Amino acid sequence: MMKSLRVMLGIMLVAVFMVGAMTCEAAKKTVAVTGIENLDRSSYGRKAADELDVAITTILVKSGSYNVVERSQLSHVIRELGLQSTGMIAGNTAIQFGQMVGADYTVVGNVVAADVDYFNNYLYKGTKAKIKFNFKFIDNKTGLIKIAEILEGSDTVSEFENKSPDKDMMISSAANDVAKKIVEKIDEINPITGLVVSASENQIYIDLGSDNGVQKGDSFIIYKEGNIIKHPVTGQIIAVKEIVTGSLKVVEVHPNYALCELKKSKGRIAVGDKVKRG
């Protein structure tokens with residue numbers, strides 16, 4: 001009897017994972033990272049812009065959650081649209097741009113400050129690199145700006161560690177710091193979501209894995225969709241209530257699925273329940 005149950009569970013998981021593998025790419029959002037512009041007049045501004053360009057693209061790709069449009073394709077479309085600056089990508093232009101490059105979202109921005117300075121706080125001396133980045137994240141389906149923030153990144157090297165640190169390397173590290181914050185902001189409005197595909201006692205399998213950017217130690221919440229919230233005048237659907245039923249911690253990751261430990265639950269966890277990272 002137990003052998004039959006194990007066989008049935010194995011068949012069910014294989015079937016679900018095959019579907020997940022076929023739909024994984026389709027579920028990913030595609031992002032266009034336009035050339036980062038430099039508004040800073042210091043010698044570090046151009047370096048910061050170049051490093052940010054590479055860092056944002058690299059972190060998005062490595063996350064496994066996004067596809068990124070090739071830069072050569074972006075440059076061609078920008079020229080075709082006659083845009084003098086990537087900052088002009090907004091509204092109807094953003095919608096057209098998204099259709100032409102096949103992107104759901106566009107990252108635009110400019111470096112407004114970049115510098116490397118020596119500091120002396122008596123007990124702590126050293127060198128600090130700082131970057132300030134004006135960042136916008138645009139929805140290409142609506143042309144609306146989803147995120148507009150000025151983010152800062154830094155890198156500090158104490159005099160005890162190195163009295164003459166490589167300043168270009170420090171700008172690169174500061175750019176990487178900003179890029180991580182950018183992707184965190186993007187993840188907040190595009191959380192990784194999936195389904196419970198098997199549930200037994202404290203072991204929960206979900207249809208998300210390393211191909212989706214899931215890592216060991218990640219936390220997920222389990223939820224069910226509740227009542228629809230509508231606008232009282234227009235009748236437009238504004239949101240769907242989420243009823244949290246539990247939380248998970250990822251303990252084992254495979255390309256298209258993950259094994260999780262059930263940390264908390266409010267009732268029975270069932271196959272088909274929704275999960276999202278958070």
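Residues numbered from 1 in each chain as written. Predicted model: local features only at pLDDT ≥ 70, side-chain atom pairs only at ≥ 80, totals over all residues. Heavy atoms only, no water.

Enquirer: Now, about the overall build of the protein: what can you tell me, with residues and values included?
Expert: Counting its secondary structure elements, the protein contains five helices and twelve strands. Taken along its principal axes, the extent of the C-alpha atoms in the protein is 70 × 50 × 40 Å. Residue burial in the protein is summarised as follows: out of 278 residues, 40% are buried. Sequence separation of at least 24 residues holds for 66% of the intrachain contacts in the protein that already meet a minimum separation of 6. About 15,700 Å² of surface is accessible on the protein, with carbon and sulfur atoms providing 52% of the total. (Helix = DSSP H or I, 4+ residues; strand = E, 2+ residues; numbered from the N terminus. Buried < 20%, exposed > 50% of the residue type's maximum accessible area, 1.4 Å probe, protein only. Contact = heavy atoms within 4.5 Å. Areas by Shrake-Rupley, 256 points an atom, 1.4 Å probe, with all protein chains shown as cover.)

Enquirer: I'd like a description of the nonpolar core, backed by residues and values.
Expert: Membership of the largest hydrophobic core comes to 34 residues, with the highest contact counts inside it found for L52, I56, V111, I131, F133 and F135. Elements that contribute at least two residues to this core include exactly strand 1 (29-33), helix 2 (45-63), strand 4 (105-120), strand 5 (125-139), strand 6 (145-158) and helix 5 (167-189). Counting residues per element, this core draws most heavily on helix 5, at nine residues. What V111 contacts, discounting residues up to four positions off in sequence, is I36, E37, N38, L39, D40, G45, A48, A49, L52, I131, K132 and F133. Grouped together as the second largest cluster of nonpolar side chains are 15 residues, I204, F220, L248 and V250 included. (Core = buried A, V, L, I, M, F, W, Y, C linked by side-chain atoms within 4.5 Å.)

Enquirer: Could you give me a rundown of the side chain of S158, with the residues and numbers involved?
Expert: Within the secondary structure, S158 sits in strand 6. Once you skip the residues sitting within four places of it in the chain, S158 turns out to touch Y124, K125 and G126.

Enquirer: Now, about the packing of helix 2 against helix 5: what can you tell me, with residues and values included?
Expert: Interaxial distance between helix 2 and helix 5 falls to 8 Å at its minimum, and their mutual angle equals 45 degrees. As judged from the angle between their axes, helix 2 and helix 5 are oblique. The interaxial crossing formed by helix 2 with helix 5 has right-handed handedness. Contacts from K47, A48, E51, L52, A55, I56, I59 and L60 of helix 2 reach helix 5 at D168, I171, S172, A175, N176, V178, A179, K180, I182, V183 and I186. Its residues assigned to classes, the contact of helix 2 with helix 5 comprises 13 nonpolar, two polar and four charged. (Axes fitted to C-alpha atoms, helices over the stretch in contact; angles between N-to-C directions. Parallel < 35°, antiparallel > 145°, perpendicular 65-115°, else oblique. Left-handed = near helix turned anticlockwise from the far one by under 90°. Nonpolar A, V, L, I, M, F, W, Y, C, P; charged D, E, K, R; others polar.)

Enquirer: Help me get a handle on the packing of aromatic side chains, residues and values and all.
Expert: Here the structure, examined in full by the defined rule, presents four aromatic pairs. When the ring of Y105 is compared with that of F137, the centres are 4.7 Å apart and the planes differ by 20 degrees; the resulting orientation is stacked. Remark: F137 occurs in strand 5 and Y105 occurs in strand 4; sequence separation between them is 32 residues. Its relative accessible area of 9% is what places Y105 among the buried residues. Exposure remark for F137: the relative accessible area of 0% places this residue in the buried category. Taken together, a centroid distance of 6.4 Å and an interplanar angle of 25 degrees make the contact between F133 and F135 stacked. Between K276 and the ring centre of Y223, over which it is positioned, the NZ or CZ distance is 5.6 Å. (Phe/Tyr/Trp six-rings, centres within 6.5 Å; stacked < 30°, edge-to-face > 60°. Lys NZ or Arg CZ within 6 Å of the ring centre and 35° of its normal.)

Enquirer: Account for the packing of helix 3 (residues 71-80) against helix 4 (residues 91-101), with residues named and values stated.
Expert: Viewed as axis vectors pointing N to C, helix 3 and helix 4 meet at an angle of 135 degrees, and their least axial separation amounts to 10 Å. With respect to helix 4, the axis of helix 3 lies oblique. For helix 3 against helix 4, the interelement crossing comes out right-handed. Mapping the contact onto sequence places Q73, L74, V77, I78 and E80 in helix 3 and F97, M100 and V101 in helix 4. Tallied by class, the residues present in the contact of helix 3 with helix 4 amount to six nonpolar, one polar and one charged.

Enquirer: So what's going on with the pairing of strand 11 (residues 257-265)? Which residues, and what values?
Expert: Direction of pairing for strand 8 (residues 203-206) relative to strand 11: antiparallel, over a ladder of four bridges. Residue pairing for strand 11: I206 is matched across the bridge by A258. Note: strand 10 (residues 237-254) against strand 11, eight bridges, orientation antiparallel. From the neighbouring strand, E252 faces strand 11, where its bridge partner is L259. (Pairing = 2+ DSSP bridges.)

Enquirer: Could you give me a rundown of the pattern of salt bridges, with the residues and numbers involved?
Expert: Where charged atoms from two side chains of opposite charge approach closely, those side chains can pair. By the definition in use, this model includes eleven salt bridges. For R46, the salt bridge identified is with D50, shortest N-O distance 3.1 Å. Residue R46 and its partner D50 are both found in helix 2; the two are separated by four residues, about one turn of the helix. The partly exposed category is assigned to R46, whose relative accessible area is 40%. (Salt bridge = Lys/Arg side-chain N within 4 Å of Asp/Glu carboxyl O.)

Enquirer: Any details on helix 2? Residues and values, ideally.
Expert: The end-to-end C-alpha distance of helix 2 is 27 Å, a good match for the 27 Å that 19 residues give at a rise of 1.5 Å each. Those residues of helix 2 not exposed but buried are G45, A48, A49, E51, L52, D53, A55, I56, I59, L60 and S63. Of the residues flanking the end of helix 2, it is G64, one or two places downstream, whose phi is positive at about 75 degrees. (Expected span 1.5 Å × (residues − 1).)

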